[in-house]
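# Tertiary structure, described
Chain by chain, the residues:
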Amino acid sequence: MLGGKITLPSFDVNGEALTIIQNMYANTKITDIYFLSSAQYVAVADGACKYMTALTSVHLPASVTKIGADAFLNDYKLTNIPLSDNVTLIGAQAFHIQS
């Protein structure tokens, strides 16, 4: 199982906007997610990082404009996530903790 700290690289995919895809890191033991300063991700998809019970920090690049529904659902150790002014959409229950 994927765990610990990860750094997501910067990609150039024919100039396409990059998204952390749905369920990409769901249910993993990753503790920290970092992005290279040159990363041009634009979205965290619905449920992309849900149920990451060990996750304590995420450092999103300023290029992110959308955080999907349930993106960080039940990531109860994640207590602070700095967002840039570029984030214009936060989906339903993006940071919800279910009881």
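Residues numbered from 1 in each chain as written. Predicted model: local features only at pLDDT ≥ 70, side-chain atom pairs only at ≥ 80, totals over all residues. Heavy atoms only, no water.

## Topic: the environment of Tyr76
Rule in force here: Helix numbering and strand numbering both begin at the N terminus, where a helix is a DSSP run of H or I of at least 4 residues and a strand a DSSP run of E of at least 2. A contact between two residues is defined here by any heavy atoms of the two lying within 4.5 Å.
Mapped onto the secondary structure, Tyr76 falls in the loop between β6 (66–67) and β7 (89–90). Through-space distance from the C-alpha of Tyr76 to that of Ile97 is 6.3 Å; in sequence the pair is 21 residues apart. Here Tyr76 is in contact with Thr53 and Ile97, once residues within four sequence places are set aside.

## Comments concerning the environment of Tyr51
Tracing the chain through its elements places Tyr51 in the loop between β4 (41–44) and β5 (57–58). Distance from Tyr51 to Tyr25, taken between C-alpha atoms, is 8.8 Å for residues 26 residues apart in sequence. When near neighbours in sequence (up to four residues on either side) are disregarded, Tyr51 contacts Asn27, Thr28, Leu73, Asn74, Asp75 and Gln98.

## A short note on the packing of aromatic side chains
Cut-off, in case you're wondering: Any two of the Phe, Tyr and Trp rings considered here, Trp counted by its six-membered ring, make a pair once their centres fall within 6.5 Å; the pair's planes then place it as stacked at under 30 degrees, edge-to-face at over 60, or tilted in between. Think of it in three bands: residues with accessible area under 20% of the maximum for their type are buried, residues over 50% are exposed, and the middle band is partly exposed, with areas taken using a 1.4 Å probe on protein chains only.
Under the defined criterion, the tally for this structure stands at one aromatic pair. Aromatic pair Phe72 and Phe95: ring centres 5.4 Å apart, planes at 0°, arrangement stacked. On the criterion of sequence distance, the pair formed by Phe72 in the loop between β6 and β7 and Phe95 in the segment after β7 is long-range, its members being 23 residues apart. A relative accessible area of 2% places Phe72 in the buried class.

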